[in-house]
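# Report on the structure
Residues per chain, in single letters:
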Amino acid sequence: MDMHHTLHLQHWPPGLPLDLPLPDEHLWTALARSAERNPDKAALIFFDSIVGYASLQREAEALALWLREEAGVQRGDRVLLMLQNSPQFVIAYYAILRLDAVVVPVNPMNREAELRHLVADAQARTIVCAQDTWPEVRSVMARPTPRDVFGDDTRLQHALVACYSDHLTMPTHLRVPDFVAADWLALGSDDLRLGASTWADALAWSQATGRPAAEQLPPLQAGPDDLAVLPYTSGTTGHPKGCMHTHRSVRFNAMTRPAWLAQTGNDSVQLGVLPFFHVTGMENAMNGVLAEGATAVLMPRWDRDVALACIQRYRITGAQLIATMVVDLLAHPEIEQADLSSLKSIGGGGAAMPEAVAARLHQLTGLDYIEGYGLSETMAATHINPTHRPKRQCLGIPIFNTDSRVIDPGTLQPVDIGEVGEIVTHGPQVMQGYWRNPSATEAAFVIIDGKRYLRTGDLARLDEDGYAHMVDRLKRMINASGFKVWPAEIEAMLYAHPGVQEACVIAAHDAYRGETVKAVIVRRTGHEALTASQLEAWARERMAAYKVPRIVEFVTALPKSGTGKILWRQLQDDANKAA
């Protein structure tokens, strides 16, 4: 029997139980409880404007009433939510849940074709969107989406359009992005009007909220195993697929980070900059915060000046930041003089934190960057580094109630310590399956020792302590003359070069080796003279010859997703087309 998956227990965080009690409550109940306990406490801070808990609950109930009476939203209906981090995102999210309906978070960067797929696949008839995304939504509403392969009606019939500036209720010296500061006049009178088509309608957010609603809403009926949130995968291997998450799976993972970091209670202040339309931001800086009765400081987009000001002004205690954000924050010209003493935890995931960057962060704050790992399919974390014994560039260990293993992706047998295999996971945070996609669901799971495990498609190795170390995505490997090269490993090494701000490693065609290593590099300010030959010579001193980038391309910026992750696949596709 494979016992490697229990090695990590010898390094379990002191004082923490191995398992947490599984939640049996509706997600709305957690918010309502916080509002009852601390009605006047700040739940959300948005460019110095504050939304208290009682106000948050009241606005969510008013919006729920509109969704029910005007848009006809019923229990189990899917409602699209297409907003950046903002009070409106949180209010709409919980309004949808209040009706026992299902939240479908949508990346606001999606264009018409991508949105049409989500409308059809989720069978959604209602969307809550922002005014800057209205043109794309209007295009979808103006032309009905064809019936899907199931023959179902997929028309988007109702749109509620929010203006971010409606929640800018206080003056601020913080830099407010143009799309947030814009008012309704920016749309023009012809751009938002009733009757977007003969069968669909749109309404301004301000027209749908503001009336008492609690006594007019039906009682909660959904149970912990009913669907609550349907996040879609990134679609890097085809059309995005909806991950079916229940109230239990969402509520469970919202509990884990505060418990793991020993920061439960309502005295924490979290920086909400990772997008709420993505599970990491949604769980850690929204659902987890509101269930604890804590405070979230919202940022719709990363801005290091705003982040640094908010950390100091609001005495932020915790921040989830991906590596690229930390790199940018540490490059702030005033970082040495900033008061960072309120911070108790900084962590993140998505890509390994480079050693040199983590060391610099520790020097400034005294904090270790706590890395974790998770997927849309697992509603964020399955692994987090123990705070008392973290390892750098490491996924960490399986969290509460979670059984994770590393297996051979072909034979499904356990691999030895140090060998590369696929991560598979069993736990209460794992999705039920892919929405209306039984074949993909079947392919995503495997039965081991009588338990159902999610196949993550991620390659990792376990060290002698049972910590998991990411090697790469299952399909992201470079085969250079028979040598297997893992891009993430090389990227982490390149970040140690003083002239490298950001790095992405991809495969390039090579007539002799088949594939060779290419590095796409953003130079750090002050190192504009760095050349490809200099970087290659530096790399040859630090890594095996077959890992050294044979091609180096310098760019001013790397393409990133809405969640800030570097789009390595886009760079790879461009390189393949050019070959």
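Everything in this summary refers to the structure shown in the same document. (Residues numbered from 1 in each chain as written. Predicted model: local features only at pLDDT ≥ 70, side-chain atom pairs only at ≥ 80, totals over all residues. Heavy atoms only, no water.)

## Considerations on the overall build of the chain
The cut-off we apply is this: A run of H or I in DSSP becomes a helix once it reaches four residues, and a run of E becomes a strand once it reaches two; helices and strands are each numbered from the N terminus. Radius of gyration means the value over C-alpha atoms here, while the globule rule gives 2.2 Å times the residue count to the 0.38 power. A contact between two residues is defined here by any heavy atoms of the two lying within 4.5 Å. All accessible areas in this document rest on Shrake-Rupley with a 1.4 Å probe, and a residue is counted as covered only by the protein chains that are shown. His is not counted, nor are the chain ends, whereas Lys and Arg count as positive and Asp and Glu as negative. Just so you know, the charge point we use is NZ for Lys, CZ for Arg, CG for Asp and CD for Glu.
What the chain contains, in helices and strands, is 16 helices and 26 strands. In summary, the chain has a C-alpha radius of gyration of 24 Å against a globular reference of 25 Å for 579 residues, a match within 12%. Judged by the C-alpha coordinates and their principal axes, the chain covers about 70 × 55 × 50 Å. Looking at the chain alone, contacts between residues at least 24 apart form 70% of all its contacts between residues at least 6 apart. Looking at the chain as shown, the accessible area adds up to about 23300 Å², and 50% of this sits on carbon and sulfur atoms. If you average the places of the 53 positive and of the 66 negative side-chain charges in the chain, the two averages end up 2 Å apart.

## Re the environment of Ile-521
Cut-off, in case you're wondering: Remark: exposure states derive from per-residue accessible area (1.4 Å probe, protein chains only) relative to the maximum for the residue type, with buried under 20%, exposed over 50%, and partly exposed in between.
You can see Ile-521 is positioned in strand β25 (residues 514-523). Judged by its relative accessible area of 0%, Ile-521 falls in the buried class. Each C-alpha atom of the pair Ile-521 and Val-555 lies 6.0 Å from the other, and the pair is 34 residues apart in sequence. Setting aside its immediate chain neighbours within four residues, Ile-521 contacts Leu-494, Val-500, Glu-502, Ala-503, Leu-535, Val-552, Glu-553, Phe-554 and Val-555.

## Considering the pattern of salt bridges
We apply this condition: For this analysis, a salt bridge means a side-chain nitrogen from Lys or Arg found within 4 Å of a carboxyl oxygen belonging to Asp or Glu.
According to the stated counting rule, one finds 25 salt bridges in the structure shown. Salt-bridge contacts for Arg-116 lead to Glu-112; the nearest nitrogen and oxygen are separated by 3.0 Å. Linking Arg-116 with Glu-112, this pair stays in helix α4 (residues 112-122), spanning 4 residues, or about one helical turn. By relative accessible area, Glu-112 is classed as partly exposed at 21%. Arg-315 is paired through a salt bridge with Asp-339; the nearest N and O atoms lie 3.0 Å apart. Here Asp-339 lies in the loop between α11 (323-330) and β13 (345-348) and Arg-315 lies in the loop between α10 (304-313) and β12 (318-320), a separation of 24 residues in the sequence. Since its relative accessible area comes to 35%, Asp-339 is described here as partly exposed. Put simply, Arg-389, Lys-391, Asp-463 and Asp-465 are held in one network by salt bridges that share partners.

## Thoughts on the packing of helix α3 (residues 87-98) against helix α9 (residues 279-292)
Worth spelling out the cut-off: All axes are obtained by fitting lines to C-alpha atoms, using only the stretch in contact for helices, and the reported angles, taken between N-to-C directions, cover 0 to 180 degrees. Geometric relationships in this document are graded by angle, where less than 35 degrees denotes roughly parallel, more than 145 denotes roughly antiparallel, 65 to 115 denotes roughly perpendicular, and other angles denote oblique. The crossing is said to be left-handed when, going from far helix to near helix, the turn is anticlockwise and less than a right angle, and right-handed when the turn is clockwise. Only Asp, Glu, Lys and Arg are considered charged in this grouping, and only Ala, Val, Leu, Ile, Met, Phe, Trp, Tyr, Cys and Pro are considered nonpolar; every other residue, Gly among them, is considered polar.
As a packed pair, α3 and α9 sit with axes 12 Å apart at the nearest point and diverge in direction by 65 degrees. When the axes of α3 and α9 are compared, the pair comes out roughly perpendicular. α9 is crossed by α3, and the crossing has right-handed handedness. Within the contact between the two elements, α3 uses Phe-89, Val-90, Tyr-93 and Tyr-94 and α9 uses Met-282, Met-286, Asn-287 and Leu-290. Residues of the contact of α3 with α9, tallied by class, amount to 7 nonpolar, 1 polar and no charged.

## What to know about the environment of Ala-162
Its location among the elements puts Ala-162 in strand β6 (residues 158-162). The buried category is assigned to Ala-162, whose relative accessible area is 0%. Sequence separation between Ala-162 and Pro-390 is 228 residues; the distance between their C-alpha atoms is 42 Å.

## What to know about the sheet that holds strand β1 (residues 42-46)
Selection criterion: Two strands pair if DSSP finds at least two bridges between them.
Across the sheet, which stays open at both edges, the 9 strands sit in the order β2-β1-β11-β10-β12-β13-β14-β15-β16 with mixed pairing between neighbours. Unpaired on one side and paired on the other, β2 (49-52) and β16 (397-398) mark the two borders of the sheet. Both β13 and strand β14 (residues 369-375) contribute to a ladder of 3 bridges, which runs parallel. From the neighbouring strand, Ile-346 faces β14, where its bridge partner is Tyr-369.

## Observations regarding the layout of surface pockets
Rolled over the atoms, a probe sized like a water molecule indicates the empty space that remains. Spelled out, the test is: Both site types are read off a 1 Å grid over the protein atoms alone. A 1.4 Å probe that fits but cannot get out defines a cavity, while an open set with protein on both sides within 12 Å along at least five of seven lines defines a pocket; lining residues have an atom within 4 Å of a point. Grid points are joined across faces, edges and corners, and a volume is the space filled by probe spheres set on the points.
By volume, the second largest pocket is sized at about 490 Å³. If you go around the second largest pocket, you meet 27 residues; those closest to its centre are Trp-302, Thr-324, Met-325, Lys-560 and Gly-564. Those elements that provide at least two residues to the lining of the second largest pocket are α11, β24 (500-510) and β25. At 4 residues, the largest contribution of residues to the lining of the second largest pocket is made by α11.

## Considering unusual backbone geometry
Phi is positive for Phe-47, close to 50 degrees, though the residue is something other than glycine. Within the secondary structure layout, Phe-47 lies in the loop between β1 and β2. Notably, Leu-412 is not glycine yet its phi reads approximately 65 degrees, a positive angle. Here Leu-412 is to be found in the loop between β17 (403-407) and β18 (421-426).

## Looking at the side chain of Thr-317
Position of Thr-317 relative to the elements: it lies in the loop between α10 and β12. Ignoring anything within four residues of it in the chain, the contact list for Thr-317 reads Gln-263, Asp-267, Ser-268, Val-269, Gln-270, Ser-342, Leu-343, Lys-344 and Ser-345.

## Some details on the side chain of His-5
Rules: As used in this structure description, the phrase polar contact means that two N or O atoms lie within 3.5 Å; if the pair is within protein, one of them must be able to donate a hydrogen and the other to accept it, and residues adjacent in sequence are counted only when both atoms belong to side chains.
Here His-5 is to be found in the segment before α1 (27-37). Given a relative accessible area of 12%, His-5 falls into the buried group. Side-chain polar atoms of His-5 contact the side chain of Arg-405, separated by 3.3 Å. The residues contacting His-5, other than those within four sequence positions of it, are Asp-403, Ser-404 and Arg-405.

## Concerning the pairing of strand β4 (residues 102-105)
Test applied: A crossover gets the label right-handed when its path from the first strand over the helix to the second runs clockwise, viewed with the strands pointing away from the viewer.
A two-sided burial pattern is seen for β4, the buried positions comprising Val-102 and Val-104 on one face and Val-103 and Pro-105 on the other. Where strand β3 (residues 78-82) meets β4, 4 bridges bridge the pair, whose relative direction is parallel. Opposite Leu-80, over in β4, you have Val-104 as the bridge partner. With α3 bridging β3 and its parallel neighbour β4, the resulting β-α-β unit is right-handed.

## Quick word on the packing of aromatic side chains
Put simply, the test is: Note on ring pairs: Phe, Tyr and Trp rings are taken, using the six-membered ring of Trp, and paired if centres are within 6.5 Å. Classes follow the plane angle, with under 30 degrees stacked, over 60 edge-to-face and the rest tilted. By definition, being over a ring means that NZ of Lys or CZ of Arg is both within 6 Å of the ring centre and within 35 degrees of the ring normal.
Following the criterion strictly, the structure yields 8 aromatic pairs and no others. The interplanar angle of 80 degrees and the centroid separation of 5.9 Å between the aromatic rings of Trp-12 and Phe-400 together place this pair among those described as edge-to-face. On the criterion of sequence distance, the pair formed by Trp-12 in the segment before α1 and Phe-400 in the loop between β16 and β17 is long-range, its members being 388 residues apart. Of the two residues, Trp-12 and Phe-400, neither departs from the other in class, the shared state being buried. Taken together, a centroid distance of 5.3 Å and an interplanar angle of 55 degrees make the contact between Tyr-93 and Tyr-94 tilted. Grouping residues by exposure puts Tyr-93 and Tyr-94 together as buried. Following the ring pairs from residue to residue traces out a cluster consisting of Phe-89, Tyr-93, Tyr-94 and Phe-276. Here the basic side chain of Lys-241 rests over the ring of Tyr-434, its NZ or CZ set 5.0 Å away from the ring centre. Of note, Arg-452 hangs over the ring of Phe-445, and the distance from its end group to the ring centre comes to 3.5 Å.

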